[in-house]
Amino acid sequence: MDKQDAIKAVWDIIDADSGHVVGLTQDLVRIASVNPKFFQDAAQNREPEVQKRLQAELEDLGFACEQWDVFPDRPNLVGTVAGNEEKSLILCGHVDTVPISDESKWTVDPFGGEVKDGRIYGRGALDMKGGVAACVAAYAAIRKAGLTLDGRLSIHAVVDEEAGGFGAMDAVAKGKLAKSVLVAEPTWGDILPCEGGLHWVRLTIKGRQGHAGWRFNEVWPQQDSPGRIQPGVNAVELAARFLNALRDYESMRCRTTYHPLVPPGLNTINPGVLRAGAGLGPDGLPMVMGNPAIIPDVAVLDLDFKFLPNEAPEQVRAEFEAFIHHFCQQDRWLRDNPIAIDWYLADLYFPPMDTPVDHPIVASLARHKTSLGKPFRIRGFEAVCDAAHYAGAGAAGVIYGPTGDGLHGFDEFVTIESLVEATKVIAAATIDFCGTK
């Protein structure tokens, strides 16, 4: 059969057996896999059980599987069907979820996988166990149709995306790559070939400690005579001045850079955490933060620093460092005690992804969405996800997945209609990209 007939056969199988992707999604939701970095409870931190369930499914489909611990008792799972490396594709999703928070605000069992009104409910149903199930069900239908892919297909089920993507980072570090990667995060049916980069940045601003009773000696002109008590330098006030300058710098960046697929001004710099006090501890934070009788000598500012898909990370960092340098040059104290920059706070970094809209994997998704008669947009992702880590290592990345609501909130759900649609589109794009023998 030709390719169009093959895709139709696969879609017919998916329609006839929609219970497969629904049932697998329910199974995965019912195995609570809350990221233990956010909430520790053995009953809810069950990522290994999710991976065991998925591995059984993948091995039944002929995948060669391997698991390894990224963190203790937190394994990645990679399943592979061998094939042509020039047509290699990864279908990827994460198995960790955020916590359920206040269970009293849920109207369903957060880990029940309940089906009602055409929806599957539960933590992770949308973000993103439904997407993982769609990837598996897509290949199951390909195999049931009697097709053999020419290109290598891998399915990655990774941990820790919700805390920075360290599962995907570890997979990439171990060389688990391909020519292209599709991450089945919820996109409400849209196709997302790009996302901006993200750094968490720590700035350490140092002053000089002193007694608050001698503040006048710092802020009002004093005769600099022999024996004068050394004036303090208030790090909080240095930080306040810096924050004003940072806002102007952020505004300049957002006004003068542009990418056609993301909202204007996406490359913001959010001052998220400011801690100030006396003494810099070994953990890089102020040691005393509860005594206003001390002129503080340290302020630590943590930034969520975004940049556009088409901005070069090296240039972004160099420009920001130049801004910091020139700010410090305007102050006699900071000239000799410049602001320190840590670009890799908590080791968190997402490279930018900027896959061309005419790339084969993107074009294939768009073509099959169109053939289904479903409205969609090709747009950029406002947040970040694991696709960035693969893209940073050279894989052409795209994000595409189902529809729902309540992710990171209450009564999370994925719609069954969108789940079946995603399964079809992912299956067709896999056939297009990998080819068949």
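Details of the structure are given in the entry above.
Residues numbered from 1 in each chain as written. Predicted model: local features only at pLDDT ≥ 70, side-chain atom pairs only at ≥ 80, totals over all residues. Heavy atoms only, no water.

A. Local environment of the state of the cysteines. This structure, assessed with the given rule, holds 0 disulfides. For the unlinked cysteine C385, the closest cysteine sulfur is that of C92, found at 8.2 Å. When its relative accessible area of 0% is taken as the criterion, C385 is described as buried. (Disulfide = S-S within 2.5 Å. Buried < 20%, exposed > 50% of the residue type's maximum accessible area, 1.4 Å probe, protein only.)

B. Local environment of the nonpolar core. Membership of the largest hydrophobic core comes to 87 residues, with the highest contact counts inside it found for V10, L54, Y390 and I426. In terms of residue count, helix 4 (residues 125–144) provides more of this core than any other element does, 14 residues in total. Each residue touching I426, except ones within four places of it in the same chain, is listed here: L91, A134, C135, A138, L182, A184 and Y400. F242, F305, V316 and F320 belong to the second largest nonpolar core, which has 27 residues in total. (Core = buried A, V, L, I, M, F, W, Y, C linked by side-chain atoms within 4.5 Å. Helix = DSSP H or I, 4+ residues; strand = E, 2+ residues; numbered from the N terminus. Contact = heavy atoms within 4.5 Å.)

C. Representation of the packing of helix 2 (residues 18–30) against helix 4 in the model. Packing of helix 2 against helix 4 leaves a shortest axis separation of 8 Å and a crossing angle of 140 degrees. It follows from the interaxial angle that helix 2 and helix 4 lie oblique. As helix 2 packs across helix 4, the resulting crossing turns out to be right-handed. Note on element contacts: helix 4 touches helix 2 through A125, K129, G130, V132, A133, A134, V136, A137 and A140, opposite H20, V21, L24, T25, L28 and V29. A class-by-class count of the residues in the contact of helix 2 with helix 4 yields 11 nonpolar, 3 polar and 1 charged. (Axes fitted to C-alpha atoms, helices over the stretch in contact; angles between N-to-C directions. Parallel < 35°, antiparallel > 145°, perpendicular 65-115°, else oblique. Left-handed = near helix turned anticlockwise from the far one by under 90°. Nonpolar A, V, L, I, M, F, W, Y, C, P; charged D, E, K, R; others polar.)

D. Local environment of the sheet that holds strand 5 (residues 119–121). The sheet built from 4 strands is open, its strands ordered 4-5-21-20 with antiparallel pairing. Strands at the two margins of the open sheet, each flanked by one partner only, are strand 4 (115–116) and strand 20 (404–405). Sheet topology note: the strand 5/strand 21 (residues 413–415) ladder contains 3 bridges and is antiparallel. When the bridges of strand 21 are listed, R119 appears paired with T415. Across the sheet, helix 12 (residues 416–434) touches strand 4, strand 5 and strand 21, and the angle it forms with strand 21 is around 65 degrees. (Pairing = 2+ DSSP bridges.)

E. The side chain of T204, seen in detail. Of note, T204 is situated in strand 9 (residues 197–206). Here T204 falls in the buried class, since its relative accessible area comes to 13%. Setting aside its immediate chain neighbours within four residues, T204 contacts L280, V298, A299, V300, I339 and A340.

F. Region of interest: the packing of aromatic side chains. Under the defined criterion, the tally for this structure stands at 13 aromatic pairs. Their ring planes at 50 degrees and their centres at 5.5 Å tell us that Y121 and F413 sit as a pair that is tilted. With Y121 in strand 5 and F413 in strand 21, the pair connects residues that are 292 residues apart, well separated along the chain. Assigned by exposure class, Y121 and F413 land together as buried. Stacked on the ring of Y349, the Lys or Arg R317 has its end atom at 6.0 Å from the ring centre. (Phe/Tyr/Trp six-rings, centres within 6.5 Å; stacked < 30°, edge-to-face > 60°. Lys NZ or Arg CZ within 6 Å of the ring centre and 35° of its normal.)

G. Structural view of a nonpolar patch on the surface. There is a patch of nonpolar side chains on the surface, built from W214, F216, V219, W220 and I229 and spanning about 510 Å² of accessible area. Inspection of the secondary structure assignment puts W220 in the loop between helix 6 (216–219) and helix 7 (235–256). (Patch = residues over 30% accessible without salt bridge, like charges linked within 9 Å, V, L, I, M, F, W, Y side chains within 5 Å. Areas by Shrake-Rupley, 256 points an atom, 1.4 Å probe, with all protein chains shown as cover. Salt bridge = Lys/Arg side-chain N within 4 Å of Asp/Glu carboxyl O.)

H. Structural context of the pattern of salt bridges. Overall, the coordinates contain 31 salt bridges when judged by the stated rule. Note that D15 and K424 form a salt bridge whose closest N and O atoms lie 2.9 Å from each other. Here the residue D15 occupies a position in helix 1 (residues 3–16), and K424 occupies one in helix 12, the gap between them amounting to 409 residues. The class of D15 is partly exposed, set by a relative accessible area of 42%. Among the residues examined, K424 registers a relative accessible area of 12% and is labelled buried. Look at the salt bridges and you will find they share partners, linking K37, E47, R74 and D160 into a network.

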